[in-house]
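Per-entry structural report
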Amino acid sequence: MLSVLPPAIARRLWQVMAAGGVLATVLYTFFPSSALGTVSFLLLGIGTVAACFGGPRRWGAEPPIAWLLMGVSALMFLIGVLIRPTVTELAMPFPLVADVASFSGYVLLAVFLAHLLRSRESLDRHAVVDGLIMCLATGVAIALLLALPAAQYPNRPAVLSIIQGMYPLLDVMVLLLIVNLTFTAKTWPPSLYFLTASLVGIFIGDAAYAIVGVNGQIYASPLLNVPFLLAYTALGMSALHPSVVEMSRAAKPPAQAWSWQRLALLLPALALPFILLFTRGSDSNLERVLIAIAGLAIIGLLLFRATSAVQAQVAAQLRSEHQATHDPLTGLPNRVSMSAEIERLVTVVDPDSQDRVWVYTLDLDGFKWVNDSWGHDTGDQLVIEVGRRLRAAVPHGIPVARVGGDEFLLAFVGEKGGALRLVDDIRGCFARAFPVRDTEVVISASIGIAHASGDAGRAAVTAEALMRDADTAMYRAKDEGPGRSTIFDTSMHAQVRERIELEVALRAALADDQLHVAYQPIVRLQTGIPVGAEALVRWVHPDRGPIPPMTFIPIAEDAGLIGSIGTWVRKEALRQLGVWRSEGVVADDFYLSINVSPRQLTDPELPLIVSGEMLRYGVPAQCVALEMTESVMVDGSSVTSRVLFELRELGVKLLVDDFGTGFSALGYLRRFPVTGVKIDRSFVTGLGVNVEDDEIVRAVVAMSHALGLSVIAEGVETPLQRDALHAVGVVNGQGWLWGAAVPAPEFSERWRRDPSAPSAAAQIEAGRRYE
């Protein structure tokens with residue numbers, strides 16, 4: 001019923017419940033023995049039961065079984081209260097029927113609160129102890145003042161007397177649950193306020209019945225039920241309020257401190273047994289023993305609480321110190337801890353011995369691409385596995401730390417031979433593939449190494465210098481290629497400064513339009529006529545002059561600029577092709593080949609963006625080719641795969657660049673919608689000279705033709721290479737034999753004037769390397 005109500009109405013039902021509850025309570029108070037009062041109570045009880053069944057379900061409160069139990073508990077209480085006036089006057093065992101219903105309500109109430117406390121992670125040891133202290137003190141008072149007199153009332157069946165004596169003790173149970181719930185609440189949503197008010201109402205109502213029971217009465221006046229009406233009202237409001245969904249969320253304070261509010265309840269509880277001992281004035285040894293036992297138990301609980309609090313404080317301090325010195329993801333020491341350990345090693349190593357302190361900085365190659373392709377959760381799992389393998393691979397005494405997103409730090413004391421053997425151990429961690437999602441990824445690590453002799457007098461400075469120099473050497477290793485290791489030397493500082501300056505300059509170049517696109521022809525080997533061109537980014541620095549792509553492209557990848565540069569190159573190339581087509585510079589089937597980075601292929605919007613750009617510049621899809629590396633296919637995520645298929649559906653060609661230098665697996669070519677491959681220049685260089693290169697090229701061509709893929713040879717520089725490629729079936733080629741990559745105006749002038757003759761400049765510069 002509640003689930004079909006509009007949200008605006010459902011959110012206000014708790015207010016309707018409040019108004020209805022107040023009205024029912026007023027009617028019952030003024031007409032307690034009339035049919036109007038009884039009907040008011042009955043309707044309020046039924047409304048509360050329905051609220052417990054429907055309200056939490058409407059708002060998705062967890063666990064659902066808890067509120068169903070509360071609804072049944074409310075129903076049992078309602079039955080017990082309503083039938084008690086009638087069955088009290090009957091002969092045994094009929095008066096017990098009301099008690100059975102009420103006792104069932106208490107049991108279900110306790111189970112409900114236990115479910116709630118567990119969901120809120122509020123079954124806290126300290127709160128339970130504090131609650132037991134209060135309940136022992138209150139229980140002794142209730143037992144002496146209410147339970148024992150009710151149980152010992154003469155001229156009444158023993159069973160009935162025992163039951164009446166147990167009601168006050170059930171109130172103690174309710175009190176314990178209330179205390180635990182309130183003591184462990186960090187946040188107080190409205191539903192929690194209402195539920196607490198309901199439990200307090202039950203406690204007050206039961207206390208009133210217990211006071212009457214001291215005089216031997218089971219039922220004295222309908223007005224004793226007024227607290228129960230208020231309790232029903234508050235319970236219904238708690239179940240219907242939208243904040244009921246927050247009731248089951250973990251909201252426990254991090255520490256159960258003895259706050260002044262808690263002490264205001266605990267201190268009277270501590271004093272109560274001793275007050276009773278001196279004020280009761282009873283000669284009963286049983287009462288004195290009961291008070292003494294309760295007092296000793298309270299003192300014992302208090303000592304346990306104090307000891308436990310100290311232990312908890314120590315544990316919290318240790319956790320805090322561990323968190324301050326360890327990485328939360330891998331559990332390995334962090335930079336702060338590792339710095340202190342390296343400083344200690346520098347202090348203890350004898351400067352006159354052959355031993356030195358060696359520091360290793362590891363950076364995972366391609367980790368950023370894994371993050372971009374599969375998400376940070378997958379990246380985190382990869383980091384955890386790398387940390388686990390490192391810790392297992394190196395001897396126990398060698399500290400291993402995680403000091404950054406994908407950076408690890410190790411320290412070793414010993415001679416150079418042992419230091420180099422440790423490098424082999426580290427590399428062994430990356431010999432096996434790492435499982436990622438539904439595939440396996442092979443990654444490597446670039447390792448920078450720095451070393452120094454012991455120096456107790458300058459331990460802190462030396463430790464800092466070791467970590468800095470190892471970091472510098474690591475960047476040098478990355479420049480040399482994946483999986484390399486480099487030992488630091490002082491010349492690297494200048495190289496690091498150079499790299500930083502180039503990154504700053506590259507950011508400025510992108511903002512100030514210092515980059516331009518150059519075009520290198522892709523020609524038909526048989527005729528020498530261009531069928532397309534590759535768009536290549538070039539950078540001419542205002543002071544340094546031309547910066548080679550092999551220098552600034554790795555910097556752009558590390559700095560996160562490759563996506564912005566790739567987007568700019570693509571848009572500029574498509575714009576230029578549109579101009580050439582409109583001016584008749586190129587044929588209708590002339591195409592442009594544009595590089596795309598792995599990161600760009602993880603953007604699910606890329607097909608839509610490319611489609612819009614082609615439409616904007618008037619370029620047909622068949623005149624556009626996108627080049628990607630083999631790693632995209634090997635480590636491609638589901639997003640990358642979907643992007644590639646959508647690009648192919650547009651009609652765009654998809655080429656694998658530098659084919660043969662990576663994995664070159666036939667399965668990848670069949671799995672992805674590629675249309676062609678570009679044979680890497682390293683194989684073309686040896687054609688006609690190296691038999692192995694001849695066979696490799698012949699195999700690639702045969703495989704590609706079998707799969708229906710086009711083949712383009714890169715780095716063609718001599719007529720001998722051209723003829724050898726043509727002989728094995730390669731149709732198109734690209735390289736210095738037909739000219740370097742040139743700006744758009746020069747390309748247009750050169751190939752419009754005489755498309756078949758090689759330029760003199762191209763032949764003069766055929767031995768140079770600049771691409």
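Residues numbered from 1 in each chain as written. Predicted model: local features only at pLDDT ≥ 70, side-chain atom pairs only at ≥ 80, totals over all residues. Heavy atoms only, no water.

1. Examining the overall build of the protein
Counting its regular elements, the protein contains 28 helices and 17 strands. Residue burial in the protein is summarised as follows: out of 771 residues, 49% are buried. Put simply, 74% of the contacts in the protein that link residues at least 6 apart link residues at least 24 apart. Accessible surface for the protein amounts to roughly 35,500 Å². Of this, 61% is attributable to carbon and sulfur atoms. (Helix = DSSP H or I, 4+ residues; strand = E, 2+ residues; numbered from the N terminus. Buried < 20%, exposed > 50% of the residue type's maximum accessible area, 1.4 Å probe, protein only. Contact = heavy atoms within 4.5 Å. Areas by Shrake-Rupley, 256 points an atom, 1.4 Å probe, with all protein chains shown as cover.)

2. Comments concerning the environment of Phe112
Along the chain, the position of Phe112 falls in helix α5 (residues 95-119). Using a relative accessible area of 0% as the deciding quantity, one classes Phe112 as buried. Ignoring any residue separated from it by four or fewer positions in sequence, one finds Phe112 in contact with Ala66, Trp67, Met70 and Leu195.

3. What about the pairing of strand β9 (residues 530-541)?
With respect to burial, β9 is a largely interior element, 11 of its 12 residues being buried. One ladder, built from 9 bridges, connects strand β8 (residues 515-524) with β9; its direction is antiparallel. When the sheet's bridge partners are listed, Tyr519 is paired in β9 with Ala535. Of the strand pairs in this sheet, β9 and strand β11 (residues 591-595) are connected by 4 bridges, and their pairing is parallel. Pairing of Glu534 across the sheet is with Ser593, part of β11. The antiparallel pairing of β9 with strand β10 (residues 545-547) creates a hairpin that spans 3 residues between the two strands. (Pairing = 2+ DSSP bridges.)

4. As for the nonpolar core
In terms of nonpolar packing, the biggest core is built from 81 residues, with Leu506, Tyr519, Trp539, Leu601, Met628, Ile679 and Leu725 touching the most fellow members. It is helix α19 (residues 562-583) that contributes the most residues to this core, 7 residues altogether. Once residues within four sequence positions are removed from consideration, Trp539 is found in contact with Leu502, Ala505, Leu506, Ala509, Gln514, Leu515, Gly545, Pro546, Ile547 and Phe552. By size, the runner-up hydrophobic cluster in this structure holds 46 residues, among which are Leu44, Ala51, Ala61 and Leu78. (Core = buried A, V, L, I, M, F, W, Y, C linked by side-chain atoms within 4.5 Å.)

5. Regarding the sheet that holds strand β2 (residues 400-402)
Reading across the sheet, the 5 strands line up as β2-β3-β1-β6-β7 and stay open at both edges, with mixed pairing between neighbours. Here the strands that pair on one side only, and so sit at the sheet edges, are β2 and β7 (485-487). On average, adjacent strands in this sheet sit at an angle of 20° to one another, irrespective of strand direction. Summarising the sheet, strand β1 (residues 356-365) and strand β3 (residues 407-414) pair through 8 bridges and their orientation is antiparallel. Paired with Val359 across the two strands is Ala411, which belongs to β3. Running over the sheet, helix α14 (residues 376-393) touches β1, β2 and β3 and is turned about 10° from β3. (Axes fitted to C-alpha atoms, helices over the stretch in contact; angles between N-to-C directions.)

6. As for a negative patch on the surface
Residues Asp350, Asp352, Asp355 and Glu415 make up a contiguous surface patch of negative charge. Position of Asp355 among the secondary structure elements: in the loop between α12 (335-348) and β1. (Patch = residues over 30% accessible without salt bridge, like charges linked within 9 Å, V, L, I, M, F, W, Y side chains within 5 Å. Salt bridge = Lys/Arg side-chain N within 4 Å of Asp/Glu carboxyl O. Lys, Arg positive; Asp, Glu negative; His and termini not counted. Charge placed at Lys NZ, Arg CZ, Asp CG, Glu CD.)

7. A few points about the packing of helix α4 (residues 64-87) against helix α9 (residues 226-240)
Where α4 contacts α9, the axes come no closer than 12 Å and their chain directions differ by 160°. Looking at the two axes, α4 sits roughly antiparallel to α9. Crossing of α4 over α9 shows left-handed handedness. Where α4 approaches α9, its residues Trp67, Met70, Ala74, Phe77, Leu78 and Val81 are matched on the opposing element by Phe228, Tyr232, Leu235, Ser238 and Ala239. For the contact of α4 with α9, a count of residues per class yields 10 nonpolar, 1 polar and no charged. (Parallel < 35°, antiparallel > 145°, perpendicular 65-115°, else oblique. Left-handed = near helix turned anticlockwise from the far one by under 90°. Nonpolar A, V, L, I, M, F, W, Y, C, P; charged D, E, K, R; others polar.)

8. Structural notes on helix α15 (residues 416-428)
The end-to-end C-alpha distance of α15, which contains 13 residues, comes to 19 Å, matching closely the 18 Å that a straight helix rising 1.5 Å per residue would cover. Buried within α15 we find Gly418, Ala419, Leu422, Val423 and Ile426. Angularly, the buried residues of α15 cover 155° about the axis, an arc narrow enough to put them on a single face. Packed against the buried residues of α15 are β1, α14, β3, β6 (444-452) and β7. (Expected span 1.5 Å × (residues − 1). Arc of directions from axis to C-beta.)

9. Remarks on the environment of His516
Along the chain, His516 falls in strand β8. Overall, the relative accessible area of 27% leaves His516 in the partly exposed class. Sequence separation between His516 and Val569 is 53 residues; the distance between their C-alpha atoms is 8.0 Å. Leaving out residues up to four positions away in the same chain, His516 has contacts with Leu536, Val537, Arg538, Val540, Trp568 and Pro743.

10. Points about the confidence of the model for the protein
The predicted model of the protein has a mean per-residue pLDDT of 82, with 82% of residues at 70 or higher. Confidence drops under a pLDDT of 50 for residues 757-771, and excluding neighbours within four residues, the segment shows 28 contacts in the predicted structure. (pLDDT = per-residue confidence, 0-100.)

11. Quick word on the pattern of salt bridges
One pass over the structure, following the stated rule, counts 19 salt bridges. Two residues, Glu498 and Arg544, come together in a salt bridge whose shortest N-O distance is 2.6 Å. With a gap of 46 residues between them, Glu498 in helix α17 (residues 492-511) and Arg544 in the loop between β9 and β10 connect regions that are remote in the sequence. The class of Glu498 is partly exposed, set by a relative accessible area of 32%. Where Lys678 meets Glu714, a salt bridge forms, and the shortest distance between an N and an O atom there is 3.6 Å. Here the residue Lys678 occupies a position in strand β14 (residues 676-679), and Glu714 occupies one in the loop between β15 (710-713) and α26 (719-727), the gap between them amounting to 36 residues.

12. Structural notes on the packing of helix α2 (residues 13-30) against α9
Running from N to C, α2 and α9 point in directions that differ by 170°, and their axes come no closer than 8 Å. The angle between α2 and α9 falls in the class roughly antiparallel. Here Leu13, Trp14, Met17, Ala18, Gly21, Val22, Ala24, Thr25, Tyr28 and Thr29 of α2 come into contact with α9, specifically with Val226, Leu229, Leu230, Tyr232, Thr233, Gly236, Met237 and Leu240. A breakdown of the residues in the contact of α2 with α9 according to their chemical character gives 13 nonpolar, 5 polar and no charged.

13. Some thoughts on α12
In this model, α12 (14 residues) spans 20 Å end to end at C-alpha, consistent with the 20 Å of a helix rising 1.5 Å per residue. Residues of α12 that are buried make contact with β1, β2, β3 and α16 (459-480). Put simply, Asn334 is the residue that caps the front of α12, since its side-chain oxygen is 3.2 Å from the backbone nitrogen of Val336. (Polar contact = N/O pair within 3.5 Å; in protein donor to acceptor, adjacent residues only side chain to side chain.)

14. Points about the packing of aromatic side chains
This structure, assessed with the given rule, holds 13 aromatic pairs. Both rings, one in Trp539 and one in Phe552, keep their centres 5.6 Å apart while their planes meet at 85°; by these two values the pair is edge-to-face. With Trp539 in strand β9 and Phe552 in helix α18 (residues 549-559), this pair connects stretches of sequence that are 13 residues apart. Taken individually, Trp539 and Phe552 each receive the classification buried, so the pair is uniform in this respect. For the pair Trp580 and Phe590, a centre-to-centre distance of 6.5 Å together with 85° between the ring planes defines the contact as edge-to-face. In this pair, Trp580 sits in helix α19 while Phe590 sits in the loop between α19 and β11, placing the two residues 10 residues apart along the sequence. Judged by its relative accessible area of 1%, Trp580 falls in the buried class. Feature note: the residues Tyr519, Trp580, Phe590, Phe747 and Trp751 constitute an aromatic cluster, connected by ring pairs. Stacked on the ring of Trp59, the Lys or Arg Arg58 has its end atom at 4.7 Å from the ring centre. (Phe/Tyr/Trp six-rings, centres within 6.5 Å; stacked < 30°, edge-to-face > 60°. Lys NZ or Arg CZ within 6 Å of the ring centre and 35° of its normal.)

15. Notes on the pairing of strand β13 (residues 653-659)
Burial runs high along β13: 5 of the 7 residues are buried. For strand β12 (residues 624-628) and β13, the ladder comprises 4 bridges, and the chain directions are parallel. Counted as the bridge partner of Glu627 is Leu655 from β13. Strand direction decides the pairing type here: β13 and β14, joined by 3 bridges, are parallel. The partner of Val656 across the bridge, within β14, is Val677.

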